[in-house]
Amino acid sequence: MRIGSDYKKIELEAFGLDLLEPNAMFGDVIIFFISLFIAFKVARMPIQGPFFVYWRAFFVVFGISFLFGGLGHLLYNYLGVPGKYLSWYLGIFAVFLVERAMLSIHHKEGFRRFFFLITSIKLLVALLGATAVFVFVDLETDPSLGLRVTTLNTLVGLLFALGYLGYKYSKSISLVFKTLYISVFILVPTVFLQTMKISFHPWFDRNDASHVLLVAGLIMYYTGIKAYQKHLSYKY
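From a predicted model like this one, the values you see are computed outputs, not experimental measurements.

S.K.: For this particular structure, what's the right way to read the overall build of the protein?
M.R.: When you go through the protein residue by residue, the secondary structure sums to 9 helices and 4 strands. Starting at the N terminus, the α and β elements of the protein follow one another as β-β-β-α-α-α-α-α-α-α-α-β-α. A buried classification covers 47% of the 236 residues belonging to the protein. In the protein, the proportion of contacts linking residues at least 24 apart, taken out of those at least 6 apart, comes to 71%.

What follows is the structure in structure tokens.
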């Protein structure tokens, strides 16, 4: 186990290429397919509306972000740190879609409109902040610094959307939202794993451990969405 620094990156030669971190690519591809599968399942739900449309878009964007993230790891010798930028940008946008999904069912129109504006501003600030880091910070020395804006944006966005709104909806709409606000607790170990660089083994580093937690989070999201769909079916 290692804390505070990363293990040496695993190298692999294949197809005439010098590849890095095949374990990260493997985990990212799994998340990609799970995300698209869940998006497909949400699209097939009988009752639709903005809540389900935003969530479906989230799973698609989230999955694509991890696919590009995996390629950024695998092809790091050729793309360098810029090969990770797209996945980090998409991660910021994915959180925005969760915020919109949760706000779309708030019963007060004024509240919805106000926080639609706030989340749009937060999206712009996060994108600009990430760009500033990419341009002005030496990420070649420590590429993980490029994740700081994405991580902070994710923490703030999901604490509000899933934590605060999820809890409120579990009281005012249905207890099914309990699954969504409990899923926020998955963020805590993920943040510690990444910021403190906690890795358990060269073949199961901080990214791999985070992938396991993220898959658990995706399953909890889908469970909550499906439960809300059933709630609406019973209601109507």
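S.K.: Mind showing me how you'd approach the pairing of strand β3 (residues 17-20) here?
M.R.: If a strand is regular, its side chains alternate between the two faces of the sheet. As judged from the 4 bridges shared by strand β2 (residues 11-14) and β3, these two strands associate in the antiparallel manner. The partner of E11 across the bridge, within β3, is L20. Two successive antiparallel strands, β2 and β3, enclose a turn made up of 2 residues, where F15 displays a positive phi of approximately 55°.

S.K.: What am I meant to see in the packing of aromatic side chains here?
M.R.: Geometry of an aromatic ring pair is reported as the spacing of the ring centres plus the angle between the planes. Applying the stated criterion across every chain, the model contains 25 aromatic pairs. Taken together, a centroid distance of 6.4 Å and an interplanar angle of 80° make the contact between F51 and F177 edge-to-face. Residue F51 is found in helix α2 (residues 50-74), and its partner F177 is found in the loop between α6 (148-172) and α7 (178-182); the two are separated by 126 residues along the sequence. Look at F51 and you get buried, because its relative accessible area is 3%. On the accessibility criterion, F177 (1% relative accessible area) is buried. For the ring pair F160 and Y164, a centre distance of 6.1 Å and an interplane angle of 15° mean the geometry is stacked. With F160 and Y164 both in helix α6 and 4 residues apart, the pair spans about one turn of that helix. The exposure class of Y164 is partly exposed, given its relative accessible area of 41%. One aromatic cluster in this structure is built from F51, F52, W55, F58, F59, F62, F66, Y169, F177, Y221 and Y228. The ring of F116 has R100 lying over it, and the distance from NZ or CZ to the ring centre is 4.2 Å.

S.K.: For this particular structure, what's the right way to read the confidence of the model for the protein?
M.R.: When pLDDT is low, close inspection of the predicted coordinates is not appropriate. Per-residue confidence for the protein gives a mean pLDDT of 88, with 90% of residues at or over 70. Taken element by element, the predicted model of the protein shows its lowest mean pLDDT in strand β1 (residues 2-3) (60) and its highest in helix α4 (residues 85-103) (96).

S.K.: What am I meant to see in the nonpolar core here?
M.R.: Proteins that are soluble and globular tend to have nonpolar side chains buried together. Core analysis: the largest hydrophobic core is formed by 40 residues, its most contacted members being F51, W55, F58, F59 and M102. Excluding residues that lie within four positions of it along the chain, F51 makes contacts with A101, M102, S104, I105, F177, I225 and Y228. In terms of nonpolar packing, the next biggest core, distinct from the first, is built from 13 residues, Y76, W88, I92 and F96 among them.

S.K.: Which parts of the structure should I look at to understand the pattern of salt bridges?
M.R.: Side-chain pairs of opposite charge can arise whenever the charged atoms involved come near each other. Counted by the stated rule, this structure contains 2 salt bridges. The residue R113 makes a salt bridge to E109 at a minimum N-O spacing of 2.7 Å. Of this pair, R113 and E109 both sit in helix α5 (residues 109-136), separated by 4 residues, roughly a single helical turn. Note on R113: relative accessible area 59%, which makes it exposed. Residue E109 is classed as partly exposed on the basis of its relative accessible area of 42%.

S.K.: Could you clarify how one ought to interpret a positive patch on the surface in this entry?
M.R.: Together, K41, R44, K226 and K230 give the surface a local cluster of positive charge. Its location among the elements puts K230 in helix α9 (residues 206-235). Classification of K230 by relative accessible area gives partly exposed; the value is 46%.

S.K.: Looking at this structure, how should I read a nonpolar patch on the surface?
M.R.: There is a patch of nonpolar side chains on the surface, built from F114, L117, I118, I121 and V125 and spanning about 450 Å² of accessible area. By the secondary structure assignment, I118 is in helix α5. For I118, a relative accessible area of 34% puts it in the partly exposed group.

Calculation rules
Residues numbered from 1 in each chain as written. Predicted model: local features only at pLDDT ≥ 70, side-chain atom pairs only at ≥ 80, totals over all residues. Heavy atoms only, no water. Helix = DSSP H or I, 4+ residues; strand = E, 2+ residues; numbered from the N terminus. Buried < 20%, exposed > 50% of the residue type's maximum accessible area, 1.4 Å probe, protein only. Contact = heavy atoms within 4.5 Å. Pairing = 2+ DSSP bridges. Phe/Tyr/Trp six-rings, centres within 6.5 Å; stacked < 30°, edge-to-face > 60°. Lys NZ or Arg CZ within 6 Å of the ring centre and 35° of its normal. pLDDT = per-residue confidence, 0-100. Core = buried A, V, L, I, M, F, W, Y, C linked by side-chain atoms within 4.5 Å. Salt bridge = Lys/Arg side-chain N within 4 Å of Asp/Glu carboxyl O. Patch = residues over 30% accessible without salt bridge, like charges linked within 9 Å, V, L, I, M, F, W, Y side chains within 5 Å. Areas by Shrake-Rupley, 256 points an atom, 1.4 Å probe, with all protein chains shown as cover. Lys, Arg positive; Asp, Glu negative; His and termini not counted. Charge placed at Lys NZ, Arg CZ, Asp CG, Glu CD.

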